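# An overview of the molecular structure
What follows is each chain in one-letter form.
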Amino acid sequence: MLEEWQTSWKNGDTGRKIFNIMPSVSLRPTNWIREDVIFFSQHGPFPAYLKRFHLSDSDYCSCGEIGTVLHYATECIYTVSWHMRKPAPNFEQEWLKRVANNLVSRQKIRGIIKFISENRDLFRPP
């Protein structure tokens, strides 16, 4: 059963952002909470996501930059309290893996997601 699940996970079309962080299936819980799932799946109150699914006309954050999870975690002026060092573009996937496996980084991510969720009007595009 685990082999079938692994094959399906490896060859699937969906969940690729999570697959890139966790390529192996496991029966052990991840200990991820809602905010972790929102950030690492990149499905949440992010302008880039909302535009992609035609839920918004703009993919811009109100600060004027494209509103991606990486933007909020590393450079948005509204989330500066939780910023982490921005990875080089070719290391973004490795950065996400490290953040996912670091409890301090995940606490920052949780703070960002909670702040965005509680202050949605602040993050609407200009």
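Residues numbered from 1 in each chain as written. Predicted model: local features only at pLDDT ≥ 70, side-chain atom pairs only at ≥ 80, totals over all residues. Heavy atoms only, no water.

An unreviewed UniProt entry annotates the protein chain as Reverse transcriptase zinc-binding domain-containing protein originating from Araneus ventricosus.

## Quick notes on the confidence of the model for the protein chain
Close inspection of predicted coordinates is inappropriate in any region flagged by low pLDDT. Put simply, the rule reads: You can read pLDDT as the predictor saying how much it trusts each residue, on a scale of 0 to 100. Only DSSP runs of H or I with at least four residues qualify as helices, and only runs of E with at least two residues qualify as strands; both kinds are numbered from the N terminus onward.
Per-residue confidence for the protein chain gives a mean pLDDT of 92; residues scoring 70 or more make up 98%. Element-level mean pLDDT values for the protein chain span from 90 in helix α2 (residues 16-21) up to 96 in helix α5 (residues 69-74).

## Let's talk about the pattern of salt bridges
Oppositely charged side chains are able to pair whenever their charged atoms sit close together. Heads up, the condition is: Put simply, a salt bridge is a Lys or Arg side-chain nitrogen that is within 4 Å of an Asp or Glu carboxyl oxygen. The classification of residues rests on relative accessible area computed with a 1.4 Å probe and restricted to protein chains. Under 20% of the type maximum is buried, over 50% is exposed, and intermediate values are partly exposed.
Counting across every chain of the model gives three salt bridges. The residue D36 makes a salt bridge to R106 at a minimum N-O spacing of 3.5 Å. Pair noted here: D36 is in helix α3 (residues 34-41) and R106 is in helix α7 (residues 103-118), with a separation of 70 residues, a long-range link. For D36, a relative accessible area of 0% corresponds to the buried category. Measuring nitrogen to oxygen at the nearest pair gives 2.7 Å for the salt bridge that ties R110 to D36. One end of the pair, R110, is in helix α7; the other, D36, is in helix α3, with 74 residues separating them in the sequence. Each member of the pair, R110 as well as D36, is classed as buried.

## Thoughts on the packing of aromatic side chains
Aromatic ring pairs are reported here in terms of the distance separating the ring centres and the angle at which the planes meet. Formally: Here the aromatic set is Phe, Tyr and Trp, taking the six-membered ring for Trp, and pairing holds for ring centres within 6.5 Å; pairs whose planes are under 30 degrees apart are stacked, those over 60 apart are edge-to-face, and all others are tilted.
Inspection of every chain in the model, using the stated rule, returns six aromatic pairs. Aromatic pair F46 and Y72: ring centres 6.1 Å apart, planes at 35 degrees, arrangement tilted. With a gap of 26 residues between them, F46 in the loop between α3 and α4 (47-52) and Y72 in helix α5 connect regions that are remote in the sequence. Members of the aromatic cluster, connected to one another through ring pairs, are W32, F39 and F40.

## What to know about unusual backbone geometry
With a phi angle near 65 degrees, N31 is a residue other than glycine that sits in the positive phi range. Relative to the assigned elements, N31 resides in the loop between α2 and α3. Residue classification places N31 among the exposed positions, given a relative accessible area of 59%. A positive phi angle, close to 65 degrees, is found at Q42, a residue other than glycine. Within the secondary structure layout, Q42 lies in the loop between α3 and α4.

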